[in-house]
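# Structural description and commentary
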Amino acid sequence: MIVLKERKRPVRIAQLEALLRRIPNQHEKVPNIKKELVRRRVGYQGEQSLNYYFSFMNDPQMFLLHDLRLLGSNRSYFQIDTLLVSKSFIAILEVKNYSGSIYFDPDTYQVYRTSTTHDDEILTNPLLQIQTQKLLLRDWLTANNWPLLPIAKLVVFSDPSTKIVSTPNNLQMLKQVVTAPALLSKVESLQSTFSKDYLTDSGLDKLTQQLIHMHVPPPSSDVLHDFRISATTIISGVYCPSCQRPTLMRGVVVGKWFCPDCLISSKHAHLSALEDYFLLLNQRVSTSEIHAFLQTSNRQQAYDLVNKLSLLRVGEFRARRYELMYPLSMP
């Protein structure tokens, strides 16, 4: 199995981490931010944990594409956690990192979780979610003149201790649900079930490349708007990598940042500050805004710092702004 599109750490996680760094610890929204951050970290860790099981799948004619977002026939976007593509079938994998007992109700189509560490709760039904993804993916294949390969649906619970529960008459539906250790056996079963090739080797390559080419990254979320936090609340300055406070000052002669508290020095500490600016405030930034946010001694110092970075420049003279990115690379 070959991974053609890697799974990347969600930008939303980086935004939440930056927001916690840049607002006062006693801010009223801190508990809500931490709650979302924990949930998203758990989800991402669950997705990453499947890499171990994928490593045992040695078929070179099977390809993995993670975090795929395509434009559907209804002109809205749909996103797939993991897409497994072969010459004989496609499998949509929806990964969930839930602990406890997960009960699928065949009558109401609701999903309930009970756990010793969580209150009982109703969850979004992942089977309904991947059914929608299947319909949209099938329409996408038709619209792009690809043969209608069989599309399998699979909900994967990454926590091996998760208990999956339902009624005896719901066993057919539960064949689409597995825990991570059973993933390899399930994929082998799909290979046996769907043995007819619908694509040639070159067709498989063209399909996977088209999927990658037509992937549309999700737009960046406005995390300040989501939590109703004013931009004036954001703490400026360059954080010390040792004491984790915005105490660094830029040396005029030696070209390094110094912390007057712990006496540590850093040459590139401003990069993480500029990343925070991108994640929280704006993608475009002027020299004056860099000067104010980094708290440099003067605008010339801010200009010298940003000028060393390979950033796209928009506008001329005083109207010039720089296109930040995440992550930033060292000059």
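Overview of the structure.

Calculation notes
- Residues numbered from 1 in each chain as written.
- Predicted model: local features only at pLDDT ≥ 70, side-chain atom pairs only at ≥ 80, totals over all residues.
- Heavy atoms only, no water.
- Axes fitted to C-alpha atoms, helices over the stretch in contact; angles between N-to-C directions.
- Helix = DSSP H or I, 4+ residues; strand = E, 2+ residues; numbered from the N terminus.
- Parallel < 35°, antiparallel > 145°, perpendicular 65-115°, else oblique.
- Contact = heavy atoms within 4.5 Å.
- Nonpolar A, V, L, I, M, F, W, Y, C, P; charged D, E, K, R; others polar.
- Pairing = 2+ DSSP bridges.
- Buried < 20%, exposed > 50% of the residue type's maximum accessible area, 1.4 Å probe, protein only.
- Disulfide = S-S within 2.5 Å.
- Polar contact = N/O pair within 3.5 Å; in protein donor to acceptor, adjacent residues only side chain to side chain.
- Arc of directions from axis to C-beta.

## Observations concerning the packing of helix α10 (residues 287-294) against helix α11 (residues 299-307)
Packing of α10 against α11 brings their axes to within 8 Å, and their N-to-C directions diverge by 105 degrees. Relative to α11, the element α10 is oriented roughly perpendicular. Contact residues: T287, S288, I290, H291 and L294 in α10; R299, A302, Y303, L305 and V306 in α11. Split by residue class, the contact of α10 with α11 holds six nonpolar, three polar and one charged.

## Some thoughts on the sheet that holds strand β13 (residues 265-266)
Here we have three strands laid out as an open sheet, ordered β11-β12-β13, and antiparallel in their pairing. The sheet is open, and its two borders are formed by β11 (249-250) and β13, each paired with just one other strand.

## Observations concerning the pairing of strand β4 (residues 90-96)
Regular strands place side chains that alternate from one sheet face to the opposite one. Among the seven residues that make up β4, seven are buried, leaving the element largely enclosed by the rest of the structure. Burial along β4 is two-sided: I90, I92, E94 and K96 facing one way and A91, L93 and V95 facing the other are all buried. Bridge count for strand β3 (residues 77-85) against β4 is four bridges, and the pairing is antiparallel. Directly across from T82, in β4, lies its bridge partner L93.

## A short note on the state of the cysteines
With the rule as written, the count across this model stands at zero disulfides. Considering cysteine sulfurs only, C240 is the nearest to C262, which forms no disulfide, with 3.5 Å between them.

## A short note on the environment of D276
Here D276 lies in helix α9 (residues 270-280). Separated by 38 residues in the primary sequence, D276 and V238 have C-alpha atoms spaced 10.0 Å apart. If near-sequence neighbours (up to four positions away) are discounted, D276 is found in contact with A18, R21, R22 and L281. Looking at D276, its side chain comes within polar contact range of the side chain of R21, at 2.6 Å.

## Let's talk about α11
Residues Q301, A302, L305 and V306 constitute the buried set of α11. Take α11 and look down its axis: the buried residues cluster within an arc of 125 degrees, on one side only. Elements that come into contact with the buried residues of α11 comprise β11, β12 (257-258), α9, α10 and β16 (321-323). Its side-chain oxygen placed 3.2 Å from the backbone nitrogen of Q300, N298 serves as the N-cap of α11.

## Quick word on α9
A large share of α9 lies buried, amounting to 10 of its 11 residues. Those residues of α9 that fall on the buried side of the exposure criterion are H270, L271, A273, L274, E275, D276, Y277, F278, L279 and L280.

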